[in-house]
Amino acid sequence: SAVISQKPSRDICQRGTSLTIQCQVDSQVTMMFWYRQQPGQSLTLIATANQGSEATYESGFVIDKFPISRPNLTFSTLTVSNMSPEDSSIYLCSVYDSYNEQFFGPGTRLTVL
Amino acid sequence: RKEVEQDPGPFNVPEGATVAFNCTYSNSASQSFFWYRQDCRKEPKLLMSVYSSGNEDGRFTAQLNRASQYISLLIRDSKLSDSATYLCVVKTDRGFQKLVFGTGTRLLVSP
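Residues numbered from 1 in each chain as written. Chains lettered and ligands numbered in written order. Predicted model: local features only at pLDDT ≥ 70, side-chain atom pairs only at ≥ 80, totals over all residues. Heavy atoms only, no water.

Caption draft 1: Representation of the state of the cysteines within the structure. All names here are of chain A. Taken as a whole, this structure holds two disulfides over all chains when the rule is applied. The disulfide bridge from Cys23 ends at Cys93, spanning 1.9 Å between sulfur atoms. Given an S-S torsion of about -70°, the disulfide between Cys23 and Cys93 has left-handed geometry. Note that Cys23 is positioned in strand β3 (residues 19–25) and Cys93 in strand β9 (residues 89–96), a separation of 70 residues in sequence. Residue Cys23 shares its accessibility class with Cys93, and that shared class is buried. (Disulfide = S-S within 2.5 Å. Helix = DSSP H or I, 4+ residues; strand = E, 2+ residues; numbered from the N terminus. Buried < 20%, exposed > 50% of the residue type's maximum accessible area, 1.4 Å probe, protein only.)

In structure tokens, the structure reads:
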């Protein structure tokens, strides 16, 4: 199984600021996925990050709001820009391992005041 | 209509009980099916894949009915440690294979 770490594990931010979440994987992976889990809701895919190309965003999510970097095969960042209370959520990074099973990082719990 | 629908529960059962969760999905082109478990304030973890012929892993049995677009999970001899939210997950081909999550069914097993 893949081992995934995320930083920060949690944060409380002011409205209008931005937060960058880091995701580190213990092995090289082609695709990294960023999900959001809003309170009481299930997981929703934000975007897919491929190394060396722009991220692919799902309907309802845009690059200006959620810019993503993928500088190498083991690391990615997701930035939540110009935050509002509606962005309060858990943000999870995810990858497929060599057995094509999808694993999730521990998540970043974001609260926007 | 949501792509993956589940009864949110909670299901309150005593230890030792048998409990079944159901899930329906709307995309007939869905290719793979899974049950994930999510403990409170933790990330989801794969519980088991669901195969067309049905499959069993210890106390857990998963069934798939492609004609009805219906997935089930049966837990026998419930343990306190089974208390969690169980997420029905469907993989579809959107150019790449994407996981679509149900909202989850919460299970509470009591002594």
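Structure's up, so let's keep going.
Caption draft 2: Structural view of the interface of chain A and chain B. Opposite the 19 residues of chain A that make contact, chain B presents 15 residues. Our count for the contact surface shared by chain A and chain B stands at three residue pairs in polar contact (both at pLDDT 80 or more). Considering every element that reaches the side of chain A that touches chain B, the biggest residue donor is strand β4 (residues 31–37) of chain A, with four residues. Across the side of chain A that touches chain B, the residue classes tally to nine nonpolar, six polar and four charged. (Contact = heavy atoms within 4.5 Å. Polar contact = N/O pair within 3.5 Å; in protein donor to acceptor, adjacent residues only side chain to side chain. Nonpolar A, V, L, I, M, F, W, Y, C, P; charged D, E, K, R; others polar.)

Caption draft 3: Representation of the sheet that holds strand β6 (residues 55–57) of chain B within the structure. All names here are of chain B. One open sheet holds the five strands; their spatial order is β1-β3-β8-β7-β6, and the pairing between them is antiparallel. Edge positions in the open sheet fall to β1 (4–6) and β6, since each of these has one partner strand only. Within this sheet the neighbouring strands show an average axis-to-axis angle of 20°, counted without direction. Of the pairings in the sheet, the one linking β1 to strand β3 (residues 19–25) comprises three bridges and is antiparallel in character. What sits directly across from Gln6, in β3, is Cys23. (Pairing = 2+ DSSP bridges. Axes fitted to C-alpha atoms, helices over the stretch in contact; angles between N-to-C directions.)

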